[in-house]
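# Close look at the chain arrangement
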Amino acid sequence: MGRSAAPDDFLEPGERARLRELAASRAVGSGPDPLIDRIAALAAALCGTSQAAVTLIGEDRQWFKARVGFDLAESARAGSFCTHTIRDDAVMVVPDAAEDPRFRDSPLVTGDPRVRFYAGAPLITATGQRIGAVCVLDPEPRPGLDAEKRARLAELARLVMAELDLRRDSLRRDDVARFAAATTFALLGVGADGLITYVNEAGERLFGYGPGEMIGQSVDIIVPPGMRARHRDGFARLAAGGESRLIGKTVQVTAVRRDGSEVPIELTLSAWRGAEGVGIGAVICDVSERQARDARLLSLAHHDPVTGLPNRGHFTSLLAARLAEGTAAVLLMHLEGVQEASDDLGSAAGDALLQSVIIRLLARMDAAATLARWDGDRLAVMLPNPDPTGLLRAACTLQDAFAGAFEIGGRSVHVGASIGAAVGPQHGRDAEEVLASADLALMSARQASARGVRLYEPAMREQVASRRALQDAVRRALENRELVLHYQPQVDLRSGRIVGAEALVRWQHPERGLLLPGAFLPAVESTALALHLGWWTIDEVCRQVAAWRAAGLPRTRIALNLYAAQFRAGTLAQIIEEALHRYRLPADVLELEITETIALQNDGADIEPIRVLQARGVGIAFDDFGTGYAALSTLKRFPLTKLKIDRSFVRDLLSDPHDEAIVGAVLAIAGRLGLDVVAEGIETQEQVTALRRMGCRAGQGFLFGRAMPPEAFAHRLAAETDPLPRAATA
């Protein structure tokens, strides 16, 4: 039987069933059984043989559960006597095995115990499966076995089978007892009289009782007083033969502990009928922790974890409920300065600042208003008064909350807010539409002023429609190859030689001619289309540089602008490395320009691709340095190789001491950090002279050439011989 516990799929169905019964008996490998040993000895005495055994027949092995007169624990099933015995229910007798062709070559005959005589009765289970035999053996041949001895041998086989059944049932009861003691579920048994007949250790712990204290008590001791009458009625109905809808179902109810405290439990009931009447069993689980966890999850699902305010989804549901009853007004508020404070002071300080903002706003809000956190830097307010005038007045009151600075971590931080307002159902038939209208109003407020307030107007939606139409047109332009790159030279301010160029996108519109970026980029920079445009720019720059190199033109580095979407995609380094490999270019031919928007919106994980590229040799430049609050933090966070001085400082360099001081400071910072510098917007020779005197080595501007088509830039590279170029025209 070597594989009796897992019968082979190729066995006959009857044999598989027999092996399952053998495994279920749990007799194989179970160790000695004194009673079965005595039965084996009795069989030998009754039949007058020197040897006897109780065998179990597996798939390919025969085990001797008990043996008398020989010392053999097991043997191969092939050639065994008992294999033939279990083929039918009758007692099998072999007078002389040495003369029987079935057994004369068996190891049991030719070797120990050298059997010549054999008689065996099968062990038959309650389902009729024959799993082994009780047999008597002798080394001397015999004429046979009379009917009386055959009957006694068969009776002994039934006694062995009864003992195996008892032992199996005992093991099962032991398993159940061990399971009941080990499980974390409370198990409870109740008799027809409503008294507790069984409870395991987990149940005693759950309800606060000591060992055995619950036995014999009414099950009412765990039922809350207010529910006992109903419970008794249901139990009485079940005891009288009625049915319960709870049987077999899992329900949550409240139970009572010994100390009177209540505990939520999950209960599964079962019922049976026996000699003593109805019995009821319960599997009980303490769900206190689960309910607490569910409550926390529900709170997290509906509330922002930082502020404790309703979140976007919950706020939308509240607004929908209010609109179903009548009217409601919404304010969407964008906070200016919170993200910047978080970048400069850390996320904990940013959270503390946001919480301080919430406290001020709540102090100025109507008690009937609802404040929610919409997303990172945006809050939403629902007001019961939909009057437009009152709505704008409420918005201005909320803006007053930002009049004074916030003290965070020993620093004074100023925060402002732009607000968009909408009223339902005038500005939308449902919550989503009203919120979309408020969002359009907020967009208009931010475009008009850093801290403006706007009430939704239908024209705003038309502006959005126009913006989407422009986005669709740009998408078609990209597909139709109408977008091109022009290149603006970057030169060495001493020699006048080209040291690089910035790639700038243009739209060769079939009807309107060549369009500059300002005519179309603002409509796509914050959309998914920016990602496609960004990947196209990388590929086109690499393709063009490879073509110039193949033509023998001087090696030069090309700078290109990155979009925020390229950072968020997470594949920036992979895309650039694939493009460099595709066109067989070294990494130092590319320079990536990072804007302030990208610097503010991306954290450490997003910056990792930049670090990888910079380590490969790709240049990293910060564009328009010095124009915003992100500049200094960017120097710490980004692996930069170059700073670009914004044209606004270069323009008035000769007339404004402040601009001169800022340019000098930028050059000093770059020198200390080992960064290159390019001054943008150079238009006069006097600006060049001043910049050279201050230590600036490279520049870019109309003096050296406007952005030009690739062919014109290639011509400049090829023909470059003059020192400092004269001012160029378009």
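Everything numeric in this text was worked out from a predicted model, so none of it was measured.

### Regarding the overall build of the protein chain
If you tally the helices and strands in the protein chain, you get 25 helices and 27 strands. Over its C-alpha trace the protein chain gives a radius of gyration of 45 Å, far above what one expects of a compact globule, namely 27 Å for 730 residues. Over its C-alpha atoms, taken along the principal directions, the protein chain stretches across nearly 135 × 75 × 50 Å. Counting only residues that meet the buried cut, the protein chain has 47% of its 730 residues in that class. Sequence separation of at least 24 residues holds for 62% of the intrachain contacts in the protein chain that already meet a minimum separation of 6. Accessible area for the protein chain stands at about 35,800 Å²; split by element, carbon and sulfur atoms hold 52% of it. Between the mean site of the 83 positive side-chain charges and the mean site of the 93 negative ones, the protein chain shows a separation of 1 Å.

### Overview of unusual backbone geometry
Residue Pro-113 follows Asp-112 across a cis peptide bond; omega there is 5°. Looking at the element boundaries, Pro-113 is found in the loop between α4 (107-110) and β5 (117-124). Omega for the bond connecting Gly-424 with Pro-425 falls within 30 degrees of zero, at 10°, which places this linkage in the cis form. Tracing the backbone through its elements, the reader meets Pro-425 in the loop between β17 (416-424) and α13 (431-448).

### A few points about the environment of Leu-514
Relative to the assigned elements, Leu-514 resides in strand β21 (residues 513-515). When its relative accessible area of 41% is taken as the criterion, Leu-514 is described as partly exposed. It is 92 Å that separates the C-alpha atoms of Leu-514 and Ala-27, two residues lying 487 residues apart in sequence. In contact with Leu-514, not counting residues within four places along its chain, are Val-484, His-486, Arg-506, Trp-507 and Gln-508.

### Focus on the packing of helix α14 (residues 458-479) against helix α16 (residues 529-550)
Angle between the axes and distance between the axes are the two parameters that describe a pair of packed helices. The geometry of α14 relative to α16 is characterised by a closest axis approach of 11 Å and an angle of 25° between their N-to-C directions. One way to sum up the angle between α14 and α16 is to call them roughly parallel. Both α14 and α16 take part in a crossing whose hand is left-handed. Between α14 and α16, the contacting residues are Gln-471, Val-474, Arg-475 and Leu-478 on the first element and Leu-529, His-532, Leu-533 and Trp-536 on the second. Here the contact of α14 with α16 is built from residues that sort into 5 nonpolar, 2 polar and 1 charged.

### Focus: empty space enclosed by the protein
A complete count under the given rule lists 2 cavities of 30 Å³ or more for this structure. Looking at the largest cavity, its volume works out to about 80 Å³. Thr-55, Gln-62, Phe-64, Phe-70, Phe-81, Cys-82, Leu-108, Pro-113, Val-115, Tyr-118, Cys-135 and Leu-137 are the residues that line the largest cavity. Mapped by element, the contributors of at least two residues to the lining of the largest cavity are β2 (61-68), α3 (81-85) and β6 (130-138). A breakdown of the residues in the lining of the largest cavity according to their chemical character gives 10 nonpolar, 2 polar and no charged. Lining of the second largest cavity is provided by Val-545, Trp-548, Arg-549, Leu-553, Pro-554, Arg-555 and Thr-556.

### A short note on the sheet that holds β2
Taking strand neighbours across the sheet as the criterion, the 6 strands line up as β3-β2-β1-β6-β5-β4 in an open arrangement whose pairing is antiparallel. Where the open sheet ends on each side, the last strands, each with one partner, are β3 (74-76) and β4 (92-94). For this sheet the average axis-to-axis angle between neighbouring strands, irrespective of direction, equals 25°. In this sheet, β2 lies alongside strand β1 (residues 51-57) in antiparallel orientation, the contact comprising 6 bridges. Bridging across to β2, Ile-57 finds its partner in Gln-62. Together, β1 and β6 form the strand contacts of helix α1 (residues 13-25), whose direction differs from that of β6 by roughly 80°. Of the strands in this sheet, β1, β4, β5 and β6 touch helix α5 (residues 147-182), which is tilted by about 40° from β5.

### Topic: the packing of aromatic side chains
Here a ring pair, both rings aromatic, is described through the centre-centre distance and the interplanar angle of the planes. Under the defined criterion, the tally for this structure stands at 9 aromatic pairs. Taken together, Phe-81, Phe-103 and Tyr-118 form an aromatic cluster joined through their ring pairs. It is Arg-360 that lies over the ring of Phe-406; its NZ or CZ is 3.7 Å from the centre. Over the ring of Phe-702 we find Arg-706; its NZ or CZ atom is 3.8 Å from the centre of that ring.

### Description of the pattern of salt bridges
Opposite charge on two side chains permits pairing when their charged atoms draw close. Inspection of every chain in the model, using the stated rule, returns 35 salt bridges. With a closest N to O distance of 3.6 Å, Arg-67 and Asp-71 form a salt bridge. Here Asp-71 falls in the exposed class, since its relative accessible area comes to 70%. Notably, a salt bridge pairs Glu-336 with Arg-446, separated by 3.5 Å at the nearest N-O pair.

### Examining helix α2 (residues 34-47)
Here α2 spans 20 Å end to end across 14 residues, near enough to the 20 Å set by a 1.5 Å rise per residue. Along α2, the residues classified as buried are Ile-36, Ile-39, Ala-40, Ala-43, Ala-44 and Cys-47. End-on view of α2: buried residues confined to an arc of 140°, all on one side of the axis. Exposed side of α2, more than 90 degrees from the buried face: Pro-34, Arg-38 and Ala-45 are the residues found there. Tucked into the core, α2 has its buried residues touching β1, β2, β6 and α5.

### A closer look at the sheet that holds strand β12 (residues 328-336)
On the basis of which strands lie adjacent, the open sheet formed by 5 strands has the order β13-β14-β12-β17-β18 and mixed pairing. Strand pairing shows two members of the sheet lacking a second neighbour, β13 (370-375) and β18 (453-455), which therefore form its edges. Taken over all neighbouring pairs, the strand axes of this sheet differ in orientation by 20° on average, direction set aside. In this sheet, β18 lies alongside β17 in parallel orientation, the contact comprising 3 bridges. Looking across to β18, one finds that Ile-419 is bridged to Val-453. Here α13 sits on the sheet and contacts β12, β13, β14 (378-383), β17 and β18; the angle it forms with β17, its principal contact strand, is near 145°.

### What about the pairing of strand β20 (residues 498-509)?
It is a general feature of regular strands that their side chains alternate between the two faces of the sheet. Of all the 12 residues making up β20, 10 are buried; the element is thus mostly covered by neighbouring parts of the structure. Here strand β19 (residues 483-492) pairs with β20 via 9 bridges, running antiparallel. The partner of His-486 across the bridge, within β20, is Leu-504. Two successive antiparallel strands, β19 and β20, enclose a turn made up of 5 residues, where Gly-496 displays a positive phi of approximately 80°. When β20 meets β21, the two strands line up antiparallel, connected through 3 bridges. Bridged to His-509 within β21 is Gly-513. Here β20 folds back onto β21 in antiparallel fashion, the turn holding 3 residues.

### Here we look at the side chain of Thr-183
Tracing the backbone shows Thr-183 in the loop between α5 and β7 (186-190). For Thr-183, a relative accessible area of 9% gives the class buried. Leave out the neighbours within four places in its chain, and Thr-183 touches Asn-200 and Ala-202.

### Digging into the confidence of the model for the protein chain
Per-residue confidence for the protein chain averages 88 on the pLDDT scale, and 94% of its residues sit at or above 70. Across residues 1-7, where pLDDT falls below 50, the model places 23 contacts with residues more than four positions away in sequence or in other chains.

Rules behind the numbers
Residues numbered from 1 in each chain as written. Predicted model: local features only at pLDDT ≥ 70, side-chain atom pairs only at ≥ 80, totals over all residues. Heavy atoms only, no water. Helix = DSSP H or I, 4+ residues; strand = E, 2+ residues; numbered from the N terminus. Rg over C-alpha atoms; globule rule 2.2 N^0.38 Å. Buried < 20%, exposed > 50% of the residue type's maximum accessible area, 1.4 Å probe, protein only. Contact = heavy atoms within 4.5 Å. Areas by Shrake-Rupley, 256 points an atom, 1.4 Å probe, with all protein chains shown as cover. Lys, Arg positive; Asp, Glu negative; His and termini not counted. Charge placed at Lys NZ, Arg CZ, Asp CG, Glu CD. Axes fitted to C-alpha atoms, helices over the stretch in contact; angles between N-to-C directions. Parallel < 35°, antiparallel > 145°, perpendicular 65-115°, else oblique. Left-handed = near helix turned anticlockwise from the far one by under 90°. Nonpolar A, V, L, I, M, F, W, Y, C, P; charged D, E, K, R; others polar. 1 Å grid on protein atoms, 1.4 Å probe; cavity = no way out; pocket = protein on both sides within 12 Å on 5 of 7 lines; lining within 4 Å. Points joined across faces, edges and corners; volume = space filled by probe spheres on them. Pairing = 2+ DSSP bridges. Phe/Tyr/Trp six-rings, centres within 6.5 Å; stacked < 30°, edge-to-face > 60°. Lys NZ or Arg CZ within 6 Å of the ring centre and 35° of its normal. Salt bridge = Lys/Arg side-chain N within 4 Å of Asp/Glu carboxyl O. Expected span 1.5 Å × (residues − 1). Arc of directions from axis to C-beta. pLDDT = per-residue confidence, 0-100.

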